[in-house]
There are 2 protein chains.
Amino acid sequence: MNPTPTVQEDTPARTALPQNTLHAAIVDPQMDSMRLLSETAMKFPDALSFSSGAPYDGTHDIANLSVHIDRYVKHLRDQGVPEQRITRMLFQYGPVNGFIQGEVAKMLQHDEDIDVPAEAIMITHGFQEATLVALRGLFASPDDVLLSVSPAYVGIRGAARMLDIPVKGIVEGPNGLEPEAVAAAARAVRAEGKRPVALYLVPDFSNPSGTVVPLEARQRLLDVAAEEGLKILEDNPYGLFARDGEKMPTLKSLDTRGDVLYLGSFAKSAFPGARLGYLVADQIVESEDGGRRTLAQELSKAKAMFSVGSSSLSQAAIGGILVENDYDLRSATRELAAVYQERLAVTLDALAAHFPPERYAEHQVRWNVPRGGFFLTVEVGFAADLAAMERSARDFGVSWAPMSMFYIDGGGDRELRLGFSNLAPDAIREGIARLVRFIESEARS
Amino acid sequence: MNPTPTVQEDTPARTALPQNTLHAAIVDPQMDSMRLLSETAMKFPDALSFSSGAPYDGTHDIANLSVHIDRYVKHLRDQGVPEQRITRMLFQYGPVNGFIQGEVAKMLQHDEDIDVPAEAIMITHGFQEATLVALRGLFASPDDVLLSVSPAYVGIRGAARMLDIPVKGIVEGPNGLEPEAVAAAARAVRAEGKRPVALYLVPDFSNPSGTVVPLEARQRLLDVAAEEGLKILEDNPYGLFARDGEKMPTLKSLDTRGDVLYLGSFAKSAFPGARLGYLVADQIVESEDGGRRTLAQELSKAKAMFSVGSSSLSQAAIGGILVENDYDLRSATRELAAVYQERLAVTLDALAAHFPPERYAEHQVRWNVPRGGFFLTVEVGFAADLAAMERSARDFGVSWAPMSMFYIDGGGDRELRLGFSNLAPDAIREGIARLVRFIESEARS
């Protein structure tokens, strides 16, 4: 008997895999928008780029990496940690939730008035993993829905898509997310027979819009969360860079009921390359055997299965930066905050100089006036899509981000995002001049 | 009109969260087995521990961290990379798939005879994230089932559970996973109306069993994969430590059809603290617009949404180690391999000395005889559960891992795993003597 031929002779040795056999989130073009944006921007290296939100990187020095790590090692030695244990912390498998939670807790108390024990903190591979862990823990059923401010950072929708969690966008106003809109969205989700589980927002200088939620609305958001049974996922990468005297209390610092999970990042307060962030989850979880642990401890089961612990090198470097600065990143980043404030002011001034009020209508141009953050948004009279961005970069030498990529349920087709955080003032002025020429050209065509 | 009171007066300020409102995988006790094992072991710090699979850490020196990073920076300078670009690589956001893929490709070619371009490699936060990314990409429907060798490292089941992917275990034999058992399992899954998508295994010195799949079975596994339409997820943390002359070809190096995804880790070949691994996925993905990219490039959309890029510090440290060793980790780890080989031999000798053949039956004790790896398994005549492990650690001063925690669909109730990788020979001898006293005591009771 002949054996059945199992691979046909004419089958090519290596068959290409059709993209549509992969998970839907991989195939979804919106999941790919950041890559397409960055690839388009890279095609025109001479264009001035407002397209990214990369932090200012003018002050970094390679030699400092070892300085930071050595500083953390000295800190451990000063505390009497035995040499062999320090070596193990750096080289061996370590605790899933990390080893610098104590240092982060001190920083949170100083900088954000957030008073939580180290056990309520999980060190993660950046904001993105903190979000993934929080979502995985809180979302248990296919009927569980995430509410999110819209427009929003693409990472929130992406993390949810990777876990097959549906997201309902709530379009924000000029003062950010409105509490009554959140309550209405929660009721609408419930009316569809689904369960609104958590709400994502950036109360301070939201990406991409730059909005800030006023104090009264923060209090009301917390009440809405309690009324609607929502947990709040508070993301705060830019709050550190508020003008002096304008710092708003975080939702977490106002949270008396334990409804807020706080998502932290060292990408802007230290440096992005470390890929280090953290999750604050001080809620008490009660297990059936009567055990009581923090939610951060409970979620270590998810963290373990996503990536085990976080990089010891990154933890030591960030730990060193925290120790060097006496857990006061707010003071440590004052100069950096001034850099961002100047860049924001230069961007706004340049826009105002080119578009005095009498020209608004002519070009259908409007922009918002954030008081901080890395971004502002410009409304224009034409479709500001990726094709338009490519024309802008190729023919006018300036790139930006289409706002539509940040909207969750559609929108923003005639808006663009300007990220000014990593452009020097002269480049900003020249970039805005180029952008104006592009906008005028689009208006003519 | 009075406003409706939204939070009742007698509600405690911070209500505890019931554990069973969290995702099922967080609540599943098996997901927690590693933590319980490690907490139980830590309760008895004086016990000799065969419970972990941590690599030998006797040779690490804190000062080397900077040496490795500096070596990688020098390598970049030698290649003419501009200083500003090097600084950005270390401090700024970097490419999602990493920046040391070229160095890893050279190592794979040298050490494993795996010949893939840098574009087919994604640098990840360790094996665990490589697995998560691969699973997320390949598993598109709730009917998609993962086949896995059983018993298996808990991380594979955990990663699948986090993504709600069902796992079907295939119990291995003394020579590891048997190809016909894989074919039968694939057909059984299909008979239930589901789709077997991929197969996970460790062909070389599997964790926990120490088995090695023979060459002929490797060829046949590749044929079965082609026949059944399975992708193979090959995990190879221990293959580097084969005895001289006993190295087996990896499935990936034998794969002519593009059916194997290779999951790599630097935890054992360099050090675990870096949390660095990689995914080799050289399959070509065809998108509807005719685009052709490697699967590793396509999966960067998942990696971006799990954690963005990998730690620049970890990449530089591991990159430095690769450069220092001329991409030849096999030679670089020869001394380390000899350490593990000695520890395996000492463990086997001690077992044989205490349990000569005539005592096998009396105590119902059997063990396997791996030729490498970090583990072996011992069958005993009593339930080797966590309670037994606690008695062993408390009363006899020796800890180990219950095998049942590694079985996917139950099994291994009377087996224990001995991990000898991080115990010195004298400690192993004393540990086995204690284990023998424990086994004798259990037999009496």
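Because the structure is a prediction, the values reported are computed rather than measured.

**Thoughts on unusual backbone geometry**
Note that the residue after Ser150(A), namely Pro151(A), is joined by a cis bond; omega there is 0 degrees. Asn207(B) connects to Pro208(B) through a cis peptide bond whose omega is 15 degrees. Within the secondary structure, Pro208(B) sits in the loop between β6 (195-201) and α9 (215-228). Even without glycine at this site, Asp326(B) takes up a positive phi of about 55 degrees. By secondary structure assignment, the location of Asp326(B) is in the loop between α13 (312-324) and α14 (329-332).

**Thoughts on the nonpolar core**
Grouped together as the largest cluster of nonpolar side chains are 207 residues, with contacts concentrated most on Leu146(A) and Leu146(B). Leave out the neighbours within four places in its chain, and Leu146(B) touches Leu135(B), Phe139(B), Ile156(B), Ala160(B), Ile165(B), Pro166(B), Val167(B), Lys168(B), Ala198(B), Leu199(B), Tyr200(B) and Leu233(B). Listed in part, the 98 residues of the second largest apolar core include Phe241(A), Ala316(A), Ile318(A) and Ile69(B).

**Points about the sheet that holds strand β7 (residues 231-235) of chain B**
Residues and elements named next belong to chain B. Spatially, the seven strands line up as an open sheet ordered β3-β9-β8-β7-β6-β4-β5, and their pairing is mixed. With partners counted over all chains shown, the strands left at the sheet margins are β3 (121-124) and β5 (167-171), one partner each. Geometrically, the sheet is characterised by an average inter-axis angle of 20 degrees between neighbouring strands, direction not taken into account. Of the strands in this sheet, β4 (144-150), β5 and β6 touch helix α8 (residues 179-191), which is tilted by about 150 degrees from β5.

**Considering the confidence of the model for chain A**
All names here are of chain A. Of the residues in chain A, 97% have a pLDDT of 70 or more, and the chain-wide mean is 94. When the criterion is pLDDT under 50, residues 1-12 qualifies, and its contacts beyond four places in sequence or with other chains add up to three contacts. With a pTM of 0.95, the predicted complex shows an ipTM of 0.95.

**Thoughts on the sheet that holds strand β1 (residues 17-18) of chain B**
Spatially, β11(A)-β10(A)-β1(B) is the arrangement adopted by the three strands of the open sheet, whose pairing is mixed. Looking at which strands have only one partner, the edges of the open sheet turn out to be β11 (292-294) of chain A together with β1 of chain B. Where strand β10 (residues 284-286) of chain A and β11(A) come together, three bridges link them in antiparallel fashion. Bridging from a neighbouring strand, Glu286(A) pairs with Arg292(A) of β11(A).

**Describing the side chain of Glu234(A)**
All names here are of chain A. If you trace the backbone, glutamate 234 turns up in strand β7 (residues 231-235). Notably, glutamate 234 is buried but unbridged: the nearest opposite-charge side chain belongs to arginine 218, and the N-O separation is 4.8 Å. Only 2.7 Å separates the side chain of glutamate 234 from the backbone nitrogen of leucine 251, close enough to count as a polar contact.

**Focus on the packing of aromatic side chains**
For any pair of aromatic rings, geometry is given as the distance between the ring centres together with the angle between the planes. Summed over the entire model, instances satisfying the criterion amount to 32 aromatic pairs over all chains. Considering the side-chain rings of Tyr72(A) and Phe99(A), the 6.0 Å spacing of their centres and the 25 degrees angle between planes classify their relative orientation as stacked. Remark: Phe99(A) occurs in the loop between α4 (83-91) and α5 (101-112) and Tyr72(A) occurs in helix α3 (residues 63-78); sequence separation between them is 27 residues. By relative accessible area, which is 2% here, Tyr72(A) ends up buried. Classification of Phe99(A) as buried rests on a relative accessible area of 16%. Between Tyr238(B) and Phe374(B) the ring centres are 4.8 Å apart and the planes differ by 55 degrees, which places this aromatic pair in the tilted class. With Tyr238(B) in the loop between β7 and α10 (251-254) and Phe374(B) in the loop between β12 (366-367) and β13 (375-379), this residue pair connects regions lying 136 residues apart in the sequence. Like Phe374(B), Tyr238(B) is buried. Put simply, the rings of Tyr238(A), Phe241(A), Tyr340(A), Phe374(A) and Phe375(A) pair up and form one aromatic cluster.

Analysis parameters
- Residues numbered from 1 in each chain as written.
- Chains lettered and ligands numbered in written order.
- Predicted model: local features only at pLDDT ≥ 70, side-chain atom pairs only at ≥ 80, totals over all residues.
- Heavy atoms only, no water.
- Helix = DSSP H or I, 4+ residues; strand = E, 2+ residues; numbered from the N terminus.
- Core = buried A, V, L, I, M, F, W, Y, C linked by side-chain atoms within 4.5 Å.
- Buried < 20%, exposed > 50% of the residue type's maximum accessible area, 1.4 Å probe, protein only.
- Contact = heavy atoms within 4.5 Å.
- Pairing = 2+ DSSP bridges.
- Axes fitted to C-alpha atoms, helices over the stretch in contact; angles between N-to-C directions.
- pLDDT = per-residue confidence, 0-100.
- Lys, Arg positive; Asp, Glu negative; His and termini not counted.
- Salt bridge = Lys/Arg side-chain N within 4 Å of Asp/Glu carboxyl O.
- Polar contact = N/O pair within 3.5 Å; in protein donor to acceptor, adjacent residues only side chain to side chain.
- Phe/Tyr/Trp six-rings, centres within 6.5 Å; stacked < 30°, edge-to-face > 60°.

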